[in-house]
Amino acid sequence: MATNIPNELAEQLKAQIEQFKPSVSVSSIGTVLQVGDGIARISGLEDVQAQELVEFENGVLGVAFNLEVDEVGVIIMGEYANISEGGRVRGTGRVSSVPVGKGLLGRVVDPLGNPIDGKGPIEFDEYYPTERFAPGVVERKNVDRPLATGITAIDAMIPIGLGQRELIIGDRQTGKTAIALDTLINQRDTDVVGIYVAVGQKKAQVARVVNLLEQYDALDSTIIVSASASESAALQYIAPYAGCAMGEWFMENGMDAVIVYDDLSKHAWAYRQVSLLLRRPPGREAYPGDVFYLHSRLLERAAQLSDENGGGSLTALPIIETLLGDVSAYVPTNVISITDGQIYLETDLFNAGVRPAINTGISVSRVGSDAQYKAMKQVASRLKLDMAQYRELAAFAQFGSDLDESTQRQLDRGRRLTELLKQPQYQPVPFAEQVMLIYAGTRGHLDDVEVDRVKQWQERFIEYVRAQVPDLPQAIKEQKRLTDDIEEKLKTTLENFNKGWS
């Protein structure tokens, strides 16, 4: 029985057939030769680029890592159990890249930019390649604006500037991550964006960081990139570059960002694992020959851009874990030579109750007082001198009991300054209060206070200033320098407080 197609439907079908234009798309297809341990060897991907994303049959992505004559070494960015020999691989034509923009703030993402915090999809502006060239010399300017960490010992003696690269180095469990988190928390009332990259950390540790930042109202201005210890070495290797690309978007749009790499020791281990699996020749401590370039190309991307380029900045705080205080090991010496200074944390100081456990003798900032306001320069120079003399005399005093009066006085002041620089975790001190406390310590206003009561004196003095003379810290904050009037008022305030202190 014949079916009659209505004229109207026939016309529509005819129009659609006429509009159809066949298109041909060309994509590079390869075959998996070998797979295992997060690595695949592929043949047939003739047009693939270095760092190009490739897609396996099951949808898992990989990155072209080794470009050899007959095959391509690919690091697999996900679960590789379902990838088998003989499977097809497709080149995507897109170099390894991550989403960037303000939509990432307050989120926890993996090194590919996928959300892993259960808060739904991320709204983003564009993609940035994970591997990018660092800004050139002409595009930069001097680092001259302070990044306030809220930690008095650092802001006074080892100042960090916006656009600097300051290494945090020390043995495990000495408070390296604590300093980085304090710095991120202290940015909550500023316009500085924080990025925390966790490489090889336990998932419980990453969750703890998220909870802490949320608890102290700093999560909304922070991006967390997590490649935990349970992830593949490939994801751990790419995580710092992904976080850096996210930070560069803010820098290139005229904003300021600070990025914490926690930590680059584990990053080097992941790179070593990937390189050895791909048969790259091993060198010292089995690291491949380009392990220096691994970190130099990452940390060089931190910069203070010139005003012509928007004036934005990216500050890098890499963390390195040492073994038994050995800073002369391969990776620590590499990163020390790349960065603009280091904050060295000591186990002995930590165990002695000096926290943060910063050894101010060998810690240094190569930007120096360029990254300090005038008020801090005025008080910090005396503090550095007093602490240096105290360290020298304390070592000398161990060998002799008969000390003259001036030496004893210097030792007593050093002990009080050491107490003054101790600081509880997650309690950043505002800039104006840091200046007032250092002034009190270096100008002798603490000399009559018992050493074990210095912290109590500090708390009471800050309470007194906030209640009685709130315009004093406000004037220091606005002027950013100690004028004669401000210094006179601060001196009078300290004298009046000490009269009533008991």
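Keep in mind that this is a model prediction, so the values were computed, not measured.

Asks: Is there a simple way to think about the pattern of salt bridges in this case?
Replies: Two side chains with opposite charge may pair up if their charged atoms get near one another. Under the criterion given, the structure shown has 22 salt bridges. The salt bridge involving Lys266 is made with Asp263; its shortest N-O contact spans 3.0 Å. Residue classification places Lys266 among the buried positions, given a relative accessible area of 18%. Through salt bridges with shared partners, a single network forms among Arg132, Glu248, Glu252 and Arg301.

Asks: Would you mind showing me how to read the pairing of strand β12 (residues 222-227) here?
Replies: Within a regular strand, side chains alternate between the sheet's two faces. Of all six residues in β12, six are buried; the element is thus mostly enclosed. Taking every second residue as pointing to the same face, both faces of β12 are buried, with Thr222, Ile224 and Ser226 on one and Ile223, Val225 and Ala227 on the other. Judged from the two bridges that link them, strand β8 (residues 108-109) and β12 form a sheet pairing that is parallel. Paired with Val108 across the two strands is Ile224, which belongs to β12. Sheet topology places strand β11 (residues 193-199) next to β12; six bridges connect them, and they run parallel. For Gly194, the partnering residue across the bridge sits in β12 and is Thr222.

Asks: What is the right way to read the packing of helix α12 (residues 431-442) against helix α13 (residues 454-468) from this model?
Replies: The geometry of a pair of packed helices is captured by two quantities: the angle between their axes and the separation between those axes. Close contact between α12 and α13 brings their axes to 11 Å; oriented N to C, the two are set at 125°. Viewed along their axes, α12 and α13 adopt a mutual orientation that is oblique. Crossing handedness for the pair α12 and α13: right-handed. Judged by residue contacts, Glu433, Met436, Leu437 and Ala440 of α12 engage Trp457, Gln458, Phe461, Ile462, Val465 and Arg466 from α13. Of the residues contributing to the contact of α12 with α13, the split by class is seven nonpolar, one polar and two charged.

Asks: What is the right way to look at the pairing of strand β16 (residues 341-345) in this model?
Replies: Most of β16 sits out of view: five of its five residues are buried. Pairing of strand β10 (residues 167-170) with β16 involves four bridges; the strand directions are parallel. Note that in β16 the partner of Ile169 across the bridge is Tyr344. Across two bridges, the pairing between β16 and strand β17 (residues 364-365) is antiparallel. What sits directly across from Gly341, in β17, is Ser365.

Asks: Any chance you could explain a nonpolar patch on the surface here in plain terms?
Replies: Residues Leu9, Leu13 and Ile17 make up a contiguous nonpolar surface patch of roughly 290 Å² in combined accessible area. Of note, Ile17 is situated in helix α1 (residues 7-19). In this structure Ile17 comes out as exposed when scored by relative accessible area, which is 63%.

Asks: Teacher, can you tell me more about the packing of aromatic side chains here?
Replies: By convention here, two paired aromatic rings are described through the distance between centres and the angle between planes. Across all of its chains, the model carries 14 aromatic pairs by this definition. Note on Phe65 and Tyr237: the rings are 5.4 Å apart at their centroids and 80° apart in plane angle, and the pair reads as edge-to-face. With Phe65 in strand β4 (residues 61-67) and Tyr237 in helix α5 (residues 233-252), this residue pair connects regions lying 172 residues apart in the sequence. In this pair, the class of Phe65 matches that of Tyr237, namely buried. A connected cluster of aromatic rings, assembled from ring pairs, spans Trp457, Phe461, Tyr464, Phe497 and Trp501. One cation-aromatic arrangement involves Arg94 over Tyr127; the distance from NZ or CZ to the ring centre is 4.7 Å. When the ring centre of Tyr287 is taken as origin, the NZ or CZ atom of Arg272, which lies over that ring, is 4.2 Å away.

Asks: In this structure, what is going on with the environment of Asp340? I would like to understand it.
Replies: Relative to the helices and strands, Asp340 is located in the loop between α8 (330-338) and β16. You can call Asp340 buried: its relative accessible area is 17%. Residues Asp340 and Arg366, spaced 26 residues apart in sequence, show a C-alpha to C-alpha distance of 5.2 Å. Setting aside residues up to four positions removed in sequence, Asp340 forms contacts with Gln164, Arg165, Glu166, Ser365, Arg366 and Val367.

Asks: Looking at this structure, how should I read the side chain of Asp182?
Replies: The topology assignment puts Asp182 in helix α3 (residues 176-185). Nearest to the buried, unbridged Asp182 among oppositely charged side chains is Arg188, at 8.8 Å. Here Asp182 is in contact with Thr149, Ile151, Gln425, Tyr426 and Gln427, once residues within four sequence places are set aside.

Asks: Please clarify how the sheet that holds strand β5 (residues 72-76) should be interpreted in this entry.
Replies: Adjacent strands of a sheet pair through backbone hydrogen bonds, lying either parallel or antiparallel. Within the closed barrel, the six strands sit side by side as β1-β2-β5-β4-β3-β6. Their pairing is antiparallel. Strand-to-strand, the axes of this sheet are offset by a mean angle of 45°, without reference to chain direction. Each of β2 (39-43), β4 and β5 touches helix α6 (residues 264-277); the most contacted strand, β2, lies at about 40° to it.

Asks: For this particular structure, what's the right way to read the nonpolar core?
Replies: Nonpolar side chains tend to gather and get buried jointly when the protein is soluble and globular. The biggest cluster of nonpolar side chains holds 67 residues, and the ones touching the most others in it are Ile224, Ile343, Trp457, Phe461 and Ile476. With seven residues, the top contributor of residues to this core is α12. What Phe461 contacts, discounting residues up to four positions off in sequence, is Met436, Leu437, Leu490, Thr493, Leu494 and Phe497. With 61 residues, the next largest nonpolar core counts Ile122, Cys244, Ile259 and Leu298 among its residues.

Asks: Teacher, can you tell me more about helix α14 (residues 471-479) here?
Replies: Along an α-helix, residues three or four positions apart point the same way, because every turn accommodates 3.6 residues. Regarding α14, the residues found buried are Leu472, Pro473 and Ile476. Looking straight down α14, one finds its buried side chains confined to an arc of 95°; they lie on one side. The exposed residues of α14 that point more than 90 degrees off its buried face are Lys477 and Glu478. Looking at the buried positions of α14, the neighbouring elements they touch are α10 (374-397), α12, α13 and α15 (484-500). Positive backbone phi, approximately 60°, marks Lys480, located one or two places after α14.

Rules behind the numbers
- Residues numbered from 1 in each chain as written.
- Predicted model: local features only at pLDDT ≥ 70, side-chain atom pairs only at ≥ 80, totals over all residues.
- Heavy atoms only, no water.
- Salt bridge = Lys/Arg side-chain N within 4 Å of Asp/Glu carboxyl O.
- Buried < 20%, exposed > 50% of the residue type's maximum accessible area, 1.4 Å probe, protein only.
- Helix = DSSP H or I, 4+ residues; strand = E, 2+ residues; numbered from the N terminus.
- Pairing = 2+ DSSP bridges.
- Axes fitted to C-alpha atoms, helices over the stretch in contact; angles between N-to-C directions.
- Parallel < 35°, antiparallel > 145°, perpendicular 65-115°, else oblique.
- Left-handed = near helix turned anticlockwise from the far one by under 90°.
- Contact = heavy atoms within 4.5 Å.
- Nonpolar A, V, L, I, M, F, W, Y, C, P; charged D, E, K, R; others polar.
- Patch = residues over 30% accessible without salt bridge, like charges linked within 9 Å, V, L, I, M, F, W, Y side chains within 5 Å.
- Areas by Shrake-Rupley, 256 points an atom, 1.4 Å probe, with all protein chains shown as cover.
- Phe/Tyr/Trp six-rings, centres within 6.5 Å; stacked < 30°, edge-to-face > 60°.
- Lys NZ or Arg CZ within 6 Å of the ring centre and 35° of its normal.
- Lys, Arg positive; Asp, Glu negative; His and termini not counted.
- Core = buried A, V, L, I, M, F, W, Y, C linked by side-chain atoms within 4.5 Å.
- Arc of directions from axis to C-beta.

These figures capture arrangement, not role.
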